Every structure is written in C-alpha cells, then in structure tokens.
Amino acid sequence: MKINTLDNFSEKYSKTGLQLWFQISRAYHIQLKLYSHFSKNWDLSISQYEILKKIVENTRISQKELAEKMFFTKGNITQIIIKMEKGGYIRREQEWKTKYILLTNKGKELYEQIVPEQKAYFSQRFQGLTKKEQKHLAKLLKKMNEGENLL
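From a predicted model like this one, the values you see are computed outputs, not experimental measurements. (Residues numbered from 1 in each chain as written. Predicted model: local features only at pLDDT ≥ 70, side-chain atom pairs only at ≥ 80, totals over all residues. Heavy atoms only, no water.)

A.B. asks: Please clarify how the overall build of the chain should be interpreted in this entry.
C.D. replies: The secondary structure content of the chain amounts to six helices and three strands. Beginning at the N terminus, the succession of helices and strands in the chain can be written as α-α-β-α-α-β-β-α-α. For the chain, with 151 residues in total, the buried portion stands at 22%. Across the chain, every contact between residues at least 6 apart in sequence was considered, and the portion connecting residues at least 24 apart equals 51%. (Helix = DSSP H or I, 4+ residues; strand = E, 2+ residues; numbered from the N terminus. Buried < 20%, exposed > 50% of the residue type's maximum accessible area, 1.4 Å probe, protein only. Contact = heavy atoms within 4.5 Å.)

A.B. asks: How should the pairing of strand β2 (residues 90-95) be read in this particular structure?
C.D. replies: Looking down a regular strand, the side chains alternate between one sheet face and the other. Here six bridges tie β2 to strand β3 (residues 98-103), and the two strands are oriented antiparallel to one another. Pairing of R92 across the sheet is with I101, part of β3. (Pairing = 2+ DSSP bridges.)

A.B. asks: Explain empty space enclosed by the protein here, please?
C.D. replies: Across all of its chains, the model carries one cavity of 30 Å³ or more by this definition. In this model, the largest cavity occupies a volume close to 30 Å³. Broken down by class, the residue content of the lining of the largest cavity amounts to five nonpolar, one polar and no charged. (1 Å grid on protein atoms, 1.4 Å probe; cavity = no way out; pocket = protein on both sides within 12 Å on 5 of 7 lines; lining within 4 Å. Points joined across faces, edges and corners; volume = space filled by probe spheres on them. Nonpolar A, V, L, I, M, F, W, Y, C, P; charged D, E, K, R; others polar.)

So, in structure tokens, the structure goes:
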C-alpha cells in the first residue's frame, strides 16, 4: 500500500498550524490580561491608552481617522472619547463637519508619566527571551501579518 506523501505533509503542517494558533492566542490573552492589570495604575483602559498614543503620534487626528486606525466602530470610539473628555485628557475641536481630537495638558502629562513605566513593564515581560530571540519573534510576527487586510 502506497502512502500519499502530500496528505502526510498537509496533516503535519495542519497540526503545526493549529499548535501555533493556540500558542499565539494563549500568549495574546495572557499578555492582554497582565497589561490590562498594569494599566489600571492610571485608571486607563488599554483602548484609552491606545487613543492617547495615536493622538501623540498624529498631534491632531480626526475622530473618523482615529476609529479607522484602531478598528473601532463609530459608536465605540465615541463612547471612549466622551469618557476621556470627561476625565480631562482630550478635547474635541470641530472644523466644518470634521471632529478633531487633541490632547489636553493633563493628557500629555499622563502620557509622559506612563511611557517610562510602560517601557520598563514591556522590558520585564520579555526578559525570558534574549535580545536576539525578541528581534526574531518580532520579525516572524511581522512576516506573518504582512499582506493581511482586515475587514
């Protein structure tokens, strides 16, 4: 009886793919939970921090562009922005039909306080890997995600 090597090849890589998927998914959920706990130090959700970061990167960004960059719905981003505005971290400006989001001084101060602690946190999270392994992992994950278009 002849064994089909293509079937064996597919089965082997199917199992490997499944194992990789579960390990990546598990690592993501564990890290997300730990980071969520870490970010509670500032009473800031992960999404709120990401909004701060995007505004810092862009200086001034439209609400629509912010939602697109973060893959949020219009309603979802609005709720987060309202909460951050009430906290005094951001302010909105309207020009014609476009709403722009800007950081307040309080938002800038918070961001500047978080960044050094965040760098230390991430450094600690990956201390089990050598610098070479960290770079290799980053390269592999980037390669895996290249060319992928989200809906």
